[in-house]
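Residue strings, one per chain:
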Amino acid sequence: MWLDHPRNQKSPLAGLKVVELARVLAGPWAGQILADLGADVIKVESPEGDGTRLWGPPWVERTDKNGKVQREAAYYHACNRGKRSIVADFRDETDLKRVRDLCASADVVIENFKTASLAKFGLDYGSLRSSNQGLVYCSITGFGQSGPRAYEAGYDFVIQGMSGFMSVTGEPEGDPMKMGISISDLTTGTWAANGIQAALLQRERPGPMQGRGQHLDMALMDCSVALLANQASYLLNTGSNPPRMGNAHAQVAPYGVFPVSDGHVILAPANDGLFAKLATVLGRADWADDPDFASNGDRVANASKLDAQIAIETAKWSKADLLSACKENGVPAGPINELNEVFEDPQVMARGMRVDLGGMPGVRSPFTFSDAELAMDRPSPMLGEDG
């Protein structure tokens, strides 16, 4: 099923055919990762188009092949780069047959409809695998294909609350806080792309699954719970919920945001040696002799006292001078950048994280290969521009 004329022969997934029956963020994010890696991703949209085309402002205007100016939300362009777009109404038998035919010759199908809702159109895994035994079919839902919530819709904000993210995000005395990005959607899309590639690899390797695809069941709730990492370990090994720490760290001190004369900086001297270096930078070598600060455990126990003393000293410095001194002395530290500062950062620029395709700026997938390259050859498609 690999295409004879792939987009970029040097891309890792060159020749892979993906049909994306997905909209909004988690599914399209998985599709964009595969597209960046060279797959030919065909995005199937309803006549109204992916809803994120209307999620503005901000808006982006482009001229289509007929010379007409089209206005689309910038949000849409964050997760649909490198794809083709066709329009299909599943209620129209001709359109539906076209989509089924596409899936019959595809390596991968990505969908994020509610559980079991595609079965009535014959676009579920059980229906499609009869004509395509090698199909890797990825379903992305809020809660997965099984369990008491399997048929409920899932939304990133709701999942952030249900998964425990918000219980550990924000200031200790403040309200629970969601993250500034749709972390549940993005994590699910990223892991879905990983799972899809694992299933493709299994399909190609000698063994009982050689030549056979399978159904990949990805849930926002599962992926969010899995991302709890050390916070989950805290609960599971102590029986107690981890505290909400704001910018502080429950197991390391000092570790946080501190004032300078022209803003704030992050200081993260995460062991005794690094703390001693910070004390020297700040002119407070005497801290090394203070029993309250002798070890990390002592510093955690006396974090409020220590943070207050550090804040007095950092406030005497400018951001640039303190960060320069920390760098020279090997103390982990950094600025808190606005997004415009991120894309002006020399490191971000050197790594080529910003891409401009067809006049559309975006952020590339963060893969850097020694002997392959990403397929950065086209911007997000206009609605139905490929049929």
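Scroll up to find the structure this text is about.
For the structure given in this document, a descriptive report is provided here. The model shown is predicted, which means the values in this text are computed figures rather than measured ones.

All right, on to the overall build of the chain then. The helix and strand inventory of the chain stands at 14 helices and 13 strands. Along the first, second and third principal axes, the C-alpha set of the chain runs to 80 × 50 × 40 Å. Each of the 387 residues in the chain was classed as buried or not, and the buried ones make up 43%. Long-range contacts, defined here as pairs at least 24 residues apart, represent 67% of the contacts in the chain between residues at least 6 apart. Carbon together with sulfur atoms contributes 54% to the accessible area of the chain, which is approximately 19600 Å² in total. Separation between the mean location of the 37 positive side-chain charges and that of the 48 negative ones in the chain comes to 6 Å.

Moving on, we come to the nonpolar core. One recurring pattern in soluble globular proteins is that nonpolar side chains are buried together. Val-18, Leu-34, Val-108, Ile-110, Ile-140 and Ile-196 are the most contacted members of the largest nonpolar core, which has 30 residues in total. If you list the elements that add at least two residues to this core, you get α1 (26–36), β6 (108–111), β7 (136–141), α6 (183–204), β8 (214–219) and α7 (220–226). In contact with Ile-110, not counting residues within four places along its chain, are Val-18, Val-19, Glu-20, Leu-21, Ala-22, Gly-27, Ala-30, Gly-31, Leu-34, Cys-138, Ile-140 and Ile-196. Membership of the second largest hydrophobic core comes to 21 residues, among which are Val-44, Ile-86, Cys-103 and Phe-121.

Pairing within the open sheet is parallel, and its six strands lie in the order β5-β2-β1-β6-β7-β8. The open sheet has two edge strands with one neighbour each: β5 (84–87) and β8. With strand direction ignored, the average angle separating the axes of adjacent strands in the sheet is 20°. Where strand β2 (residues 40–45) lies against β5, four bridges are found, and the strand directions are parallel. Each bridged residue has a counterpart across the sheet, and for Lys-43 the counterpart in β5 is Ser-85.

All right, on to the environment of Gly-211 then. In this fold, Gly-211 is placed in the loop between α6 and β8. A relative accessible area of 42% means that Gly-211 is categorised as partly exposed. When the C-alpha positions of Gly-211 and Leu-200 are compared, they lie 9.2 Å apart, and in sequence the two are 11 residues distant. Once residues lying within four places of it in the same chain are set aside, the contact partners of Gly-211 are Gln-133, Gly-134 and Arg-203.

What counts as what
Residues numbered from 1 in each chain as written. Predicted model: local features only at pLDDT ≥ 70, side-chain atom pairs only at ≥ 80, totals over all residues. Heavy atoms only, no water. Helix = DSSP H or I, 4+ residues; strand = E, 2+ residues; numbered from the N terminus. Buried < 20%, exposed > 50% of the residue type's maximum accessible area, 1.4 Å probe, protein only. Contact = heavy atoms within 4.5 Å. Areas by Shrake-Rupley, 256 points an atom, 1.4 Å probe, with all protein chains shown as cover. Lys, Arg positive; Asp, Glu negative; His and termini not counted. Charge placed at Lys NZ, Arg CZ, Asp CG, Glu CD. Core = buried A, V, L, I, M, F, W, Y, C linked by side-chain atoms within 4.5 Å. Pairing = 2+ DSSP bridges. Axes fitted to C-alpha atoms, helices over the stretch in contact; angles between N-to-C directions.

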